[in-house]
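# Chain and residue survey
If you want the building blocks of each chain, they are given just below.
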Amino acid sequence: MDPSRMYPSHMDAYNEQYIKYNDELRRHIITDVKIKRFRARYPRLHGYNAALGYHGFGGEATVAQLYTNHGASGWGALMRRGSAGKPPVDAALVDALTGKSIADVFAAESGLTDDMFIAFDIALHDLAGNILGIPVRRMIDPDAASSVRVYDGAIYMNDLIPEDKPFGVQKVIEDSLSDYELGHRTFKIKIGRGHKWMAPEAAGIARDIEITRKIREALPDAVLMVDGNDGFAPASMERYIDGIGGCPLYWIEEPFRECEADNRKLREYLNTHMPGTYIADGESRTDIGLLFDLAGKGLLDVWQPDICGYGFTAWRKLIKRLAAAGYMASPHAWGEVIKTHYSAHIAAAYPLNVHYIEAVLGESEGVDYSGYILKNGVLNLPEKPGFGMDLFWAPEISI
C-alpha cells in the first residue's frame, strides 16, 4: 500500500460505488431480529489487573442477528451492555427496526445513520457486508490491508493467585511463553500490583519490575507493552521506569487517569529516560475532548476507546479525524475474541494509524472465525463478506 495515498476520508459520500452499494441495501427490508447469547472462553484463568480482581475464564456475549426479505443475514455484538446481564434492547426497539429498509438506518460510506438503533451498529455492518459481498474493511476502504499486527492482552497478574497459595512469578513467564507458541510476538503486561494487591506499594512495583525484566529475558525478540489500569501516580511510574532500566517498552497504557499535569510529567520523564515510548489511553470513561486536548499538546499518542462501548460507526468517524491529524489508534477490544476481529477491520483500513490491536485469546461457542489466522504476531483476515464470522449456533433469549 502506498503510504502517500489518501485514506478513506478521500471517498466522497456520493462516490459512484457507494451509490450502487446503498441502492442494493435499499432493496433489503429487515424482516426479523433475534437476540442471542453465547459463552466466550479464555484458554486459562485470568487473574488480577491493577484495578480489578479475577477476570475468570470468560463470560457471555449478547448479540443481535438480523434477517432480510431477500434471505440475507448478519450478526454482531450489541454495542451497549445492559444492566444485570440484560441486553440494551427491548421489544419496542426490535419492532421499530423490523420492516425498515437497511438504507433507512445505514449507509455504506459512513455506517449507522440513526442513533436510535445504535445497539445494532455492528450487526448492521455485518449484514451490509454480507449483502454487498465484501468484507467490512473494504466497505470502509476498497484498498484495505488483509492483515494487522496484534498484541497479546492476556498477561495478567497470575503470580498473585490463588490467594491461599499463589502461583508466583514463574506462572506469568509461563503464560507469556505459552502465548508465544500460539503465535504472539507482542505482549502487553499488566502492572500496578502495589495499587491494591501488594503492600507496601514498593513491593508491588518491585514485582512489576521483576516480571517485566524476566519476560524480556525469556522472550528477547518480543515487543513489550505495559498496562497500569490507572494504578500509578507519576512518581510511582517513574520508579517503575527506573527499575526496568534498559528494557524498552513500545507503549505505557493507562498509567493513571488522563489529565494534563500527570501526562506531562510522564512525557517529560519518558523523553529523558525512555525516549520513543508511547502513551496510550482513552478506553474507559472516554472523553474525546480531553483526548484531543492531550494529543494536541503531545501528551497522548495512542487512542483506545472501546470498539463496542464507543461504537463501530463512531470509530469510523473518529479514525478519519485521527488520520487527518496524524494520530495513532488502537480500539480497545478486551473481553471477547469477536471484538478483536471488529477492531481488525478498522486497523486494516487505516494501517498507518493503527499499528497494533488487542488480541483476546480463547473461543466463542457457536462461532466459526477460522478465517482469522495468527502467525508471528500478525493476524491474517478472511476475505469473506461482513466480518467474516459465521454464527452457527447460539440460543435465542427473550427481551
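Residues numbered from 1 in each chain as written. Predicted model: local features only at pLDDT ≥ 70, side-chain atom pairs only at ≥ 80, totals over all residues. Heavy atoms only, no water.

Once that is clear, we can look at the overall build of the chain. When helices and strands are counted, the chain shows 13 helices and 18 strands. The C-alpha atoms of the chain give a radius of gyration of 21 Å, which matches the 21 Å a tight globule of 399 residues would have. The buried share among the 399 residues of the chain stands at 57%. If you take every contact in the chain between residues at least 6 apart in sequence, the share linking residues at least 24 apart comes to 74%. Summed over all atoms, the accessible surface of the chain reaches about 15,700 Å², with 52% contributed by carbon and sulfur. Side-chain charges of the chain comprise 42 positive and 54 negative groups, with the mean position of each set lying 1 Å from the other. (Helix = DSSP H or I, 4+ residues; strand = E, 2+ residues; numbered from the N terminus. Rg over C-alpha atoms; globule rule 2.2 N^0.38 Å. Buried < 20%, exposed > 50% of the residue type's maximum accessible area, 1.4 Å probe, protein only. Contact = heavy atoms within 4.5 Å. Areas by Shrake-Rupley, 256 points an atom, 1.4 Å probe, with all protein chains shown as cover. Lys, Arg positive; Asp, Glu negative; His and termini not counted. Charge placed at Lys NZ, Arg CZ, Asp CG, Glu CD.)

With that settled, the discussion passes to the pattern of salt bridges. Scanning the model with the defined rule gives 29 salt bridges in all. Residues Asp159 and Arg193 are paired through a salt bridge, measuring 2.9 Å at the closest nitrogen-oxygen approach. Of this pair, Asp159 sits in the loop between β6 (147-155) and α6 (169-182) while Arg193 sits in helix α7 (residues 193-196), and the two are 34 residues apart along the sequence. Accessibility classification places Asp159 together with Arg193 in one group, the buried group. With a shortest N-O distance of 2.9 Å, Glu260 and Arg264 are connected by a salt bridge. In this pair, Glu260 and Arg264 are both assigned in helix α10 (residues 260-273), 4 residues apart and thus about one turn of the helix distant. (Salt bridge = Lys/Arg side-chain N within 4 Å of Asp/Glu carboxyl O.)

The subject of this paragraph is the packing of helix α4 (residues 121-132) against helix α12 (residues 312-325). Relative to each other, α4 and α12 sit at 80°, their axes nearing to 8 Å. The angle between α4 and α12 falls in the class roughly perpendicular. Side by side, α4 and α12 meet where Asp121, Ile122 and His125 of the first sit next to Phe312, Thr313 and Arg316 of the second. For the contact of α4 with α12, a count of residues per class yields 2 nonpolar, 2 polar and 2 charged. (Axes fitted to C-alpha atoms, helices over the stretch in contact; angles between N-to-C directions. Parallel < 35°, antiparallel > 145°, perpendicular 65-115°, else oblique. Nonpolar A, V, L, I, M, F, W, Y, C, P; charged D, E, K, R; others polar.)

Okay, helix α13 (residues 337-349) next. End to end, α13 covers 19 Å across 13 residues, agreeing with the expected 18 Å (1.5 Å per residue, within 8%). Within α13, 13 of the 13 residues are buried, which leaves it mostly tucked inside the rest of the structure. (Expected span 1.5 Å × (residues − 1).)

A word on the packing of aromatic side chains. On inspection of all chains with the given rule, the structure shows 17 aromatic pairs. Between the aromatic rings of Tyr250 and Trp251, the centroid separation amounts to 6.0 Å while the plane-to-plane angle is 50°, which identifies the pairing as tilted. Take Trp251: its relative accessible area is 1%, and that puts it in the buried class. An aromatic cluster is defined as three or more aromatic residues linked by ring pairs; in this entry it consists of Tyr151, Tyr250, Trp251, Tyr278 and Tyr356. Positioned above the aromatic ring of Tyr356, the side-chain terminus of Arg149 is 4.3 Å from the ring centre. The residue whose ring lies beneath Arg185 is Tyr180, and the NZ or CZ to ring-centre distance is 3.7 Å. (Phe/Tyr/Trp six-rings, centres within 6.5 Å; stacked < 30°, edge-to-face > 60°. Lys NZ or Arg CZ within 6 Å of the ring centre and 35° of its normal.)

Looking now at the pairing of strand β2 (residues 60-68). Along a regular strand, successive side chains alternate from one face of the sheet to the other. Burial of β2 is extensive: 7 of the 9 residues sit out of reach of the surface. Sheet analysis places β2 next to strand β3 (residues 73-77), joined by 5 bridges and oriented antiparallel. The partner of Tyr67 across the bridge, within β3, is Ser73. In textbook terms, the turn of a hairpin is the stretch between consecutive antiparallel strands, and for β2 and β3 this stretch comprises 4 residues, one of which, Gly71, has a positive phi near 85°. (Pairing = 2+ DSSP bridges.)

For the chain, mean pLDDT is 94; residues scoring 70 or higher make up 94% of the total. pLDDT under 50 marks residues 1-10. Its contacts with residues more than four places away, or in other chains, come to 20 contacts. (pLDDT = per-residue confidence, 0-100.)

Once that is clear, we can look at the sheet that holds strand β1 (residues 30-41). Reading across from one edge, β3-β2-β1-β14 is the order of the 4 strands in this open sheet, with antiparallel pairing throughout. Only two strands of the sheet have a single partner each, and these edge strands are β3 and β14 (363-364). Sitting on the sheet, α4 is in contact with β1, β2 and β3, with an inclination near 150° to β3. Of the strands in this sheet, β1, β2, β3 and β14 are in contact with α13, which crosses β3 at around 110°.

Of the volumes computed, that of the second largest pocket is approximately 320 Å³. Along its surface, the second largest pocket is lined by 16 residues, and Val337, Val360, Gly362, Leu374 and Leu379 are the ones closest to its centre. Elements supplying a minimum of two residues to the lining of the second largest pocket: α13 and β16 (373-375). Ranked by the residues each element gives to the lining of the second largest pocket, the list is headed by α13, at 3 residues. (1 Å grid on protein atoms, 1.4 Å probe; cavity = no way out; pocket = protein on both sides within 12 Å on 5 of 7 lines; lining within 4 Å. Points joined across faces, edges and corners; volume = space filled by probe spheres on them.)

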